[in-house]
Amino acid sequence: MGLLTIGAFAKASGLSQKALRLYDELRLLPPAHVDPLSGYRWYAPEQLERARLVAWLRRLGMPLAGVQEVCALDGPAAAARVATFWERVEADTAERRDLAVFLIGHLSGKDSVMSDSTHHSPLGIRYAALSDTGLVRESNQDTAYAGSRLLAVADGFGEGGAPASAAAVEALKHLETEDVADGGLLDLLKDAVDRAGEAVRGLAGAAGGSPAASPGTTLTALVWTGSRLALAHIGDSRAYLLRDGELFRITRDHTLVRSMVDEGRITVDEAASHPQRALLLRALADDREATADLRLQDVQPGDRYLLCSDGLSAVVAEPEVREVVAGVADPQRAVAELVALANRAGGPDNVSCVVADVMELPVPQLQP
Ligand code: MG
């Protein structure tokens, strides 16, 4: 079979002639022959496979630089590159969906978030936090904090993991006292998480240890303004919501095994025993992607939140966690029982829990 004209090649490959001219300029798909007199481009039939791959990747929305990379790789490496690209697209979409849901509610004036017109009593939270070394580790690198506006769990790792988790939570504490306009809450939280990341990376620079042991931390935090609740999350600590007796996990682990489950490469059961199950794709650390998930949570009186480090979630099954969270009314006792559950399961890791209840505050009565 002879060479194909650009028109015939465009038709066979599903790429436009304009795109083919661009890919020639970028050396992504140069023609087999260019007529020196007329400048006409001619393509070989063997080039169709590459052209179709380029067309598919473009249809996937992959930028040209990524397409160029994939084309230069062999089968398995190219597949891995596409998988990584898609994982990022899905994470972006999930975050934008949350923001879109919030904006739709906000602009239509139908926020599911509390407002005075629907509820007569103001809402407050009552809370407790507890962090424990566990039965195996020599020191506690977790940090747990609960205050009237800020709830946070951070799980430090590497050399100097304890200062890292403490620094991350410390960087959020100004939210306890700062007056926050509801509309600016997510921006404020994003800035605070960015500063937490800077603080942790500052520790890494100061320590100057080996990169393999450089400190980092997870961070899962809720900020309550008195009318709105916002969540920030990075890493594999978790947040759960108990509502109407059901326990919902409201964060997604930023781990390698979680992404492998999402891609269908392993099952949830295989993930639990995978040798690299603790490997974090995202964290506040020098060498990890530091993008936190941020979103607003709708709030109802009676909601109970649980934040915990993987020292609980990795060793205690969710039904057992639910039993304590749903059954123990006092937050202080609930966190103590959750920590005890982890230690009864061997306590292999530091364990931290924060429990917070959303409740209607008594309305102050005016004296006659
Ligand atoms: Mg841990």
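First things first, this report covers the structure right here in the doc. (Residues numbered from 1 in each chain as written. Predicted model: local features only at pLDDT ≥ 70, side-chain atom pairs only at ≥ 80, totals over all residues. Heavy atoms only, no water.)

1. Looking at the overall build of the chain
Check the secondary structure of the chain and you find 12 helices and 15 strands. Relative to the 2.2 N^0.38 estimate, which gives 21 Å for 368 residues, the radius of gyration of the chain is 26 Å and therefore markedly larger than a compact globule would have. Taken across its 368 residues, the chain has 45% of its residues classed as buried. Within the structure as shown, the chain displays about 18800 Å² of accessible surface, and the carbon and sulfur contribution to it stands at 54%. Distance between charge centres in the chain, computed from 36 positive and 51 negative side chains, equals 7 Å. (Helix = DSSP H or I, 4+ residues; strand = E, 2+ residues; numbered from the N terminus. Rg over C-alpha atoms; globule rule 2.2 N^0.38 Å. Buried < 20%, exposed > 50% of the residue type's maximum accessible area, 1.4 Å probe, protein only. Areas by Shrake-Rupley, 256 points an atom, 1.4 Å probe, with all protein chains shown as cover. Lys, Arg positive; Asp, Glu negative; His and termini not counted. Charge placed at Lys NZ, Arg CZ, Asp CG, Glu CD.)

2. Description of the sheet that holds strand 1 (residues 4-5)
Consider a sheet: its strands pair through backbone hydrogen bonds, and that pairing is either parallel or antiparallel. A sheet is described by the order of its strands in space; here 3 strands give the open sequence 1-3-2, paired in antiparallel fashion. Looking at strand neighbours, the two that pair on one side only are strand 1 and strand 2 (33-34), the edges of this open sheet. By the bridge criterion, 2 bridges tie strand 2 to strand 3 (residues 41-43) in an arrangement that is antiparallel. Across the sheet, the residue bridging to Val34 is Arg41, located in strand 3. (Pairing = 2+ DSSP bridges.)

3. Re a nonpolar patch on the surface
Taken together, the side chains of Leu99, Leu103 and Leu107 present a nonpolar region at the surface, about 300 Å² in accessible area. In this structure, Leu99 sits in helix 5 (residues 75-107). (Patch = residues over 30% accessible without salt bridge, like charges linked within 9 Å, V, L, I, M, F, W, Y side chains within 5 Å. Salt bridge = Lys/Arg side-chain N within 4 Å of Asp/Glu carboxyl O.)

4. So, the packing of helix 1 (residues 6-13) against helix 2 (residues 17-25)
For the pair helix 1 and helix 2, the least separation of the axes is 9 Å and the interaxial angle reads 100°. Accordingly, the angle class assigned to the pair helix 1 and helix 2 is roughly perpendicular. Contact residues: Ile6, Gly7, Phe9 and Ala10 in helix 1; Gln17, Leu20 and Arg21 in helix 2. Here the residues of the contact of helix 1 with helix 2 are counted per class, giving 4 nonpolar, 2 polar and 1 charged. (Axes fitted to C-alpha atoms, helices over the stretch in contact; angles between N-to-C directions. Parallel < 35°, antiparallel > 145°, perpendicular 65-115°, else oblique. Contact = heavy atoms within 4.5 Å. Nonpolar A, V, L, I, M, F, W, Y, C, P; charged D, E, K, R; others polar.)

5. Some thoughts on the coordination of the magnesium ion
Those protein atoms acting as donors to the magnesium ion are Asp155 (OD), Asp310 (OD) and Asp349 (OD), and they sit at 2.1 to 2.3 Å. When the donors of the magnesium ion are listed by position in the chain, the intervening gaps give D-x154-D-x38-D. You can see Asp155 sitting in strand 6 (residues 150-157) and its partner Asp310 sitting in helix 10 (residues 310-313), a full 155 residues away along the chain. Owing to a relative accessible area of 17%, Asp310 belongs among the buried residues under this scheme. (Donors = N, O, S within 2.8 Å, 3.2 Å for Na, K, Ca; no water.)

6. Re the packing of aromatic side chains
Applying the stated criterion across every chain, the model contains 2 aromatic pairs. With 4.3 Å between their ring centres and 5° between their planes, Phe9 and Tyr43 make a pair best called stacked. Placement of Phe9 in helix 1 and of Tyr43 in strand 3 is noted, with a sequence separation of 34 residues between them. Assessed through its relative accessible area of 0%, Tyr43 is described here as buried. (Phe/Tyr/Trp six-rings, centres within 6.5 Å; stacked < 30°, edge-to-face > 60°.)

7. Remarks on the pairing of strand 5 (residues 142-146)
Each regular strand displays side chains that alternate between the two surfaces of the sheet. As judged from the 5 bridges shared by strand 5 and strand 6, these two strands associate in the antiparallel manner. Paired with Ala146 across the two strands is Leu151, which belongs to strand 6. Here strand 5 hands over to strand 6 after 3 residues, the two strands then running antiparallel side by side.

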